[in-house]
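Letter by letter, the chains look like this.
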Amino acid sequence: MSGKSYASLEQHQCVVCGCTYDTGAVLLHNRLAKTLEQYTLTGRGLCPEHQKLFDKGYVALVEVDPELSCFGPDGNLTAKTAHCTGTIVHILREVFNRIFTPPSRRRTARLHRAGCHRFTEGALRS
Ligand SMILES: [Zn+2]
């Protein structure tokens, strides 16, 4: 299919691997104007492969490059502004909980370029 249409296949982008995948929904222009591309990216989620791993109890650790990522004014990094390096590690949630101390809400809000690095190191239990 080429050109514009009044219908489009909805896709999401995986927050773990960055691939786009079909959600199974079809989007229709509310006035049936032929303005839509074949695919429309509407959000983020987990692709089928990473959803399966999540459902099996795995946590995905996604490496980001803080120098190439864009931090918000509040110092937070979002999936949309993170520059992922492509390195991904999956570990069982129970192992993750034994290794990492969950950050407090206040600490999470203060994550910034240097803080993000400290969080990684400081969260490790000795
Ligand atoms: Zn994925």
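Being a predicted model, the structure only gives us computed values, none of them experimental.

Side note on the overall build of the chain
Link 1 in the chain: When its secondary structure is counted, the chain shows 4 helices and 5 strands.
Link 2 in the chain: Scanning the chain from its N terminus toward the C terminus, one meets helices and strands in the order β-β-β-α-β-β-α-α-α.
Link 3 in the chain: Out of the 126 residues in the chain, the part that is buried amounts to 2%.
Link 4 in the chain: Summarising the internal contacts of the chain: among those between residues at least 6 apart in sequence, 63% fall at separations of at least 24.

Overview of the confidence of the model for the chain
Link 1 in the chain: Averaged over the chain, the pLDDT score is 83; the fraction of residues at 70 or greater is 79%.
Link 2 in the chain: Of all the helices and strands in the chain, helix 4 (residues 113-122) carries the lowest mean pLDDT, 41, while helix 1 (residues 48-55) carries the highest, 97.
Link 3 in the chain: Across residues 112-126, where pLDDT falls below 50, the model places 19 contacts with residues more than four positions away in sequence or in other chains.

With respect to unusual backbone geometry
Link 1 in the chain: A positive phi is found at Leu-32, a non-glycine position, where the angle reads about 55 degrees.
Link 2 in the chain: By the element assignment, Leu-32 lies in the loop between strand 2 (20-28) and strand 3 (39-45).

What to know about the sheet that holds strand 1 (residues 7-14)
Link 1 in the chain: Read across the open sheet, the 3 strands follow the order 2-1-3; overall the sheet is mixed. Across the chains shown, the open sheet's two edge strands, defined by having one partner strand only, are strand 2 and strand 3. For this sheet, the mean angle separating the axes of adjacent strands, direction not counted, is 30 degrees.
Link 2 in the chain: Pairing of strand 1 with strand 2 involves 6 bridges; the strand directions are antiparallel.

A word on the pairing of strand 5 (residues 84-92)
Link 1 in the chain: The buried count for strand 5 comes to 0 of 9 residues, which makes it a mostly uncovered element.
Link 2 in the chain: As paired strands, strand 4 (residues 58-64) and strand 5 are joined by 6 bridges and run antiparallel to one another. Each residue of the ladder has a partner; that of Ala-60, found in strand 5, is His-90.

Cut-offs applied
Residue numbers run consecutively from 1 along every chain, following the written order of its sequence. Only residues with pLDDT of at least 70 are given local features in this predicted model, and only at 80 or more are side-chain atom pairs given and counted; all residues enter the totals for whole chains, interfaces and linings. Runs of E in the DSSP output that reach at least two residues are strands. Runs of H or I that reach at least four are helices, and both are numbered from the N terminus. Field definition: a residue is buried when 20 or more other C-beta atoms are found within 10 Å of its C-beta, exposed when 12 or fewer are, and partly exposed for counts in between, with C-beta atoms placed from the backbone. Any two residues are considered in contact once their C-beta atoms, placed from the backbone, lie within 7 Å. pLDDT is a residue-level measure of predictor confidence that goes from 0 to 100. Pairing between strands requires that DSSP locate at least two bridges from one strand to the other. Comment: axis = line fitted to C-alpha atoms, over the contacting stretch for helices; angle = value between 0 and 180 degrees taken between N-to-C directions.

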